[in-house]
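What the coordinates show
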Amino acid sequence: MQLDTNSNLWTSTIPERPEPRPRLEANIQADVAIVGAGFTGLWTAYYLKTQAPHLSIVVLEAGRVGHGASGRNGGWVVGNLAGLERYVNELPMVRRRECCQVVADNVDEIGKVLEREGIAADFNKGGALYAAARYPDQIAIQKDYLAHLHELGHAETNCSWLDADQLAEKARFRNGYGGIYHRQVATVNPAKLVDGLAERVERLGVTIHENSRVTRLGQHEAATDQGTIEATTIVCATEGYAEDFHDFRKHVIPVQSLVIATEPLTDDLWQEIGMAERPAFADASRLINYGHRSADGRLIFGARGSYAFGGKSKHGMAMSQEDIHLRRDLLVDLFPVLEGVAISHGWGGSLGLSRNFRPHGILDRESGIATAGGYAGEGVAAAHLFGRTLADLILERDSQLASMPWAFANANHRHLIKRWEPEPLRWLAAQAITYSYAGEEVLMKRNKPAPLIKPVLTRMNDFFASIIE
Ligand SMILES: Cc1cc2nc3c(=O)[nH]c(=O)nc-3n(C[C@H](O)[C@H](O)[C@H](O)COP(=O)(O)OP(=O)(O)OC[C@H]3O[C@@H](n4cnc5c(N)ncnc54)[C@H](O)[C@@H]3O)c2cc1C
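Looking now at the overall build of the protein chain. When helices and strands are tallied, the protein chain shows 14 helices and 19 strands. Principal-axis analysis of the C-alpha atoms gives the protein chain an extent of 65 × 50 × 45 Å. A burial count over the protein chain gives 58% of its 469 residues as buried. Residue pairs at least 24 apart in sequence account for 78% of intrachain contacts in the protein chain once pairs closer than 6 positions are excluded. Surface summary for the protein chain: the accessible area is close to 19,400 Å², and the carbon and sulfur share equals 51%. Side-chain charges of the protein chain comprise 49 positive and 57 negative groups, with the mean position of each set lying 3 Å from the other.

Okay, structure coming up:
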């Protein structure tokens, strides 16, 4: 089987898509205009329309529905928020627990809404294994991470330690020393989810225009080349694809992530690997990675990629042979029985990273502009949470979601979310971090004493992690 370095497995599982939806070709008025038909935009539309059916809502998408990260991600649905500590660190434990419960319950909520709405997206709640699976240093890293999760306020019943035997019952890694089991994690086929959700919101009465790139975003106004929408509220839901909007892309930058998929594995291989409950898994490398067993019996495996100079978003799917092999080698290192298994698909895209790691849902009532994003690679569940949150803010609902520390009802993103440094500083820092992380990874994997260089690299990387705050 020829390795396809330019194809998204998820879209290939969807029967032929219908003709594109019509472009916006007139000047119109609406209550809410949403820019971007990914999870954030569509969940916002869904929760607005189900709670306030009288609202007129129009979604404008530059490409097709799910063109951005929502149609091409790794499929993890995580009951956590990347950057949660930035909001809860100063709060009393009782409030921290409440915040963590909200993000944990969000996963079950997604399961329920998909079932209620008949959206078949292969949702499977198999939990996640954050494993120490390749070298002994990973045990301490994962134990520290578990302590961090508990300190944040995550319940011990949701996040607990598995010893080597308990881990092996769930998945058999090369060196399964132990790991964290996070119960509040599910997986989905993201393309089925984004397509199903778009159909559902249309049936509720929301209008979606595809191939309608917004070129100007102003107060109560979103303009394309062929038409303009005047609306009370404009939602900018472009996350890692905000390059048209100078004002947003300075605060949330695109970082690439790249994924591979194996051919469906044989039953014999699955017997050896385990994963009967189809959990998600990751190991403790700084080169953030994420995998799971898909509904059709493949291994899906991704790892964070690079940052492109100037903050260019990744629109094509293509990835290089080198990037494929890096991920394949890491996967085989985790599961040596995969040596010789064919990789059938490889693809990538951009996720959104805010300067201070703050995922956010913001409504600026004065300008009428709302936005959500900065999910830092954990956006599948977060986009649902923040879509619901934006709907509550827009509808002025006095809800628990609207009271969360990451929800801002009367604020402007320019004041809340720090700006990234200008180029070439950003790009240079990204290069330094990438090489330094890779160096630390090599040393840890070698598992030999490196009394000087190892602690220095680790400290340097901790420093890099801290300056992004
Ligand atoms: C390869 C990869 C793997 C990932 N894996 C995971 C994972 O396993 N779990 C997880 O939780 N998260 C993951 N993420 C992150 C997650 O997918 C995103 O955070 C999430 O999908 C963002 O959804 P969104 O709707 O906010 O943005 P997007 O889905 O990126 O949608 C933004 C949309 O805005 C449109 N747009 C942009 N500009 C304009 C304009 N001018 N006019 C009109 N439309 C415009 C774009 O075309 C795009 O469709 C991954 C991301 C990538 C790239």
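So, on to the sheet that holds strand β15 (residues 299–304). With mixed pairing, the eight strands of this open sheet are ordered in space as β5-β6-β4-β13-β14-β15-β12-β16. Looking at strand neighbours, the two that pair on one side only are β5 (159–163) and β16 (343–354), the edges of this open sheet. Within the sheet, the average angular offset between the axes of one strand and its neighbour, ignoring direction, is 25°. Pairing analysis gives two bridges linking strand β13 (residues 280–283) to strand β14 (residues 289–293), with the strands arranged antiparallel.

Let us look at empty space enclosed by the protein. Across all of its chains, the model carries three cavities of 30 Å³ or more by this definition. Taken together, 14 residues make up the lining of the largest cavity; nearest its centre are F248, V252, H360, T371 and A372. The element best represented in the lining of the largest cavity is strand β18 (residues 369–373), accounting for three residues. When the residues that make up the lining of the largest cavity are grouped by side-chain class, the tally is six nonpolar, seven polar and one charged.

The next thing to look at is the site of the ligand. The environment of the ligand is formed by 36 residues, the closest being T40, E61, S70, D244 and V380. The separation between an oxygen atom of the ligand and a polar side-chain atom of S70 is 2.5 Å. A distance of 2.9 Å separates an oxygen atom of the ligand from a polar backbone atom of G379. Notes on the ligand: free accessible area 1,000 Å², of which the protein chains cover 99%. Breaking the shell around the ligand down by element, the ones donating at least two residues are α2 (39–51), β12 (252–262), β16 and α11 (379–394). Residues that form the shell around the ligand fall into these classes: 14 nonpolar, 16 polar and six charged.

One finds L42, W43 and W406 to be the most contacted residues of the largest nonpolar core, which totals 64 residues. Among the elements that take part in this core, α11 stands out by supplying 10 residues, more than any other. Judged by nonpolar contacts, the second largest core, of 28 residues, contains A131, A171, F281 and L299.

What follows concerns the side chain of R278. Structurally, the position occupied by R278 is in the loop between α9 (267–273) and β13. One buried charged side chain, R278, makes no salt bridge at all; its nearest oppositely charged neighbour is D122, positioned 6.1 Å away. If near-sequence neighbours (up to four positions away) are discounted, R278 is found in contact with D122, N124, G126, T187, R293, S294 and A295.

Our focus in this paragraph is α2. Taking 1.5 Å per residue, 13 residues should reach 18 Å; α2 reaches 18 Å between its end C-alpha atoms and fits that length. Among the residues of α2, F39, T40, G41, L42, W43, T44, A45, Y46, Y47, L48 and K49 are the ones counted as buried.

The axes of two packed helices give the description: the angle between them and the distance between them. It is at 9 Å that the axes of helix α4 (residues 93–117) and α11 come closest, and there the two elements cross at 90°. Looking at the two axes, α4 sits roughly perpendicular to α11. Residue-level inspection shows V102, V103, N106, E109, I110 and V113 of α4 in contact with α11, the latter providing A381, A382, H384, L385 and R388. Across the contact of α4 with α11, the residue classes tally to seven nonpolar, two polar and two charged.

A few words now on the environment of T233. The topology assignment puts T233 in strand β11 (residues 228–236). T233 gets classed as buried once you look at its relative accessible area, which sits at 9%. When sequence neighbours within four positions are dropped, the list of residues in contact with T233 reads D31, V32, A33, L363, G368, A370 and I394.

Right, let's talk about unusual backbone geometry for a bit. Look at the link from E423 to P424: it is a cis peptide, with omega at 5°. One can find P424 in the loop between α12 (413–416) and α13 (425–446). A positive phi is found at D122, a non-glycine position, where the angle reads about 55°. One can find D122 in the loop between α4 and β4 (128–132). Positioned with a positive phi, N211 is a non-glycine residue whose angle comes to about 50°. As for its position among the elements, N211 is in the loop between β8 (207–209) and β9 (216–218). By relative accessible area, which is 30% here, N211 ends up partly exposed.

A complete count under the given rule lists 23 salt bridges for this structure. Note that K125 and D108 form a salt bridge whose closest N and O atoms lie 2.9 Å from each other. Taken together, the positions of K125 in the loop between α4 and β4 and D108 in helix α4 put the pair 17 residues apart, joining distant regions of the chain. The exposure class of K125 is partly exposed, given its relative accessible area of 36%. Judged by its relative accessible area of 28%, D108 is partly exposed. When the shortest N-O distance is used, the salt bridge between E221 and R216 registers 2.6 Å. Residue E221 is classed as partly exposed on the basis of its relative accessible area, which comes to 23%. Through salt bridges with shared partners, a single ionic network connects R21, R64, E202 and E210.

Conventions and cut-offs
- Residues numbered from 1 in each chain as written.
- Predicted model: local features only at pLDDT ≥ 70, side-chain atom pairs only at ≥ 80, totals over all residues.
- Heavy atoms only, no water.
- Helix = DSSP H or I, 4+ residues; strand = E, 2+ residues; numbered from the N terminus.
- Buried < 20%, exposed > 50% of the residue type's maximum accessible area, 1.4 Å probe, protein only.
- Contact = heavy atoms within 4.5 Å.
- Areas by Shrake-Rupley, 256 points an atom, 1.4 Å probe, with all protein chains shown as cover.
- Lys, Arg positive; Asp, Glu negative; His and termini not counted.
- Charge placed at Lys NZ, Arg CZ, Asp CG, Glu CD.
- Pairing = 2+ DSSP bridges.
- Axes fitted to C-alpha atoms, helices over the stretch in contact; angles between N-to-C directions.
- 1 Å grid on protein atoms, 1.4 Å probe; cavity = no way out; pocket = protein on both sides within 12 Å on 5 of 7 lines; lining within 4 Å.
- Points joined across faces, edges and corners; volume = space filled by probe spheres on them.
- Nonpolar A, V, L, I, M, F, W, Y, C, P; charged D, E, K, R; others polar.
- Near = heavy atom within 4 Å.
- Polar contact = N/O pair within 3.5 Å; in protein donor to acceptor, adjacent residues only side chain to side chain.
- Core = buried A, V, L, I, M, F, W, Y, C linked by side-chain atoms within 4.5 Å.
- Salt bridge = Lys/Arg side-chain N within 4 Å of Asp/Glu carboxyl O.
- Expected span 1.5 Å × (residues − 1).
- Parallel < 35°, antiparallel > 145°, perpendicular 65-115°, else oblique.

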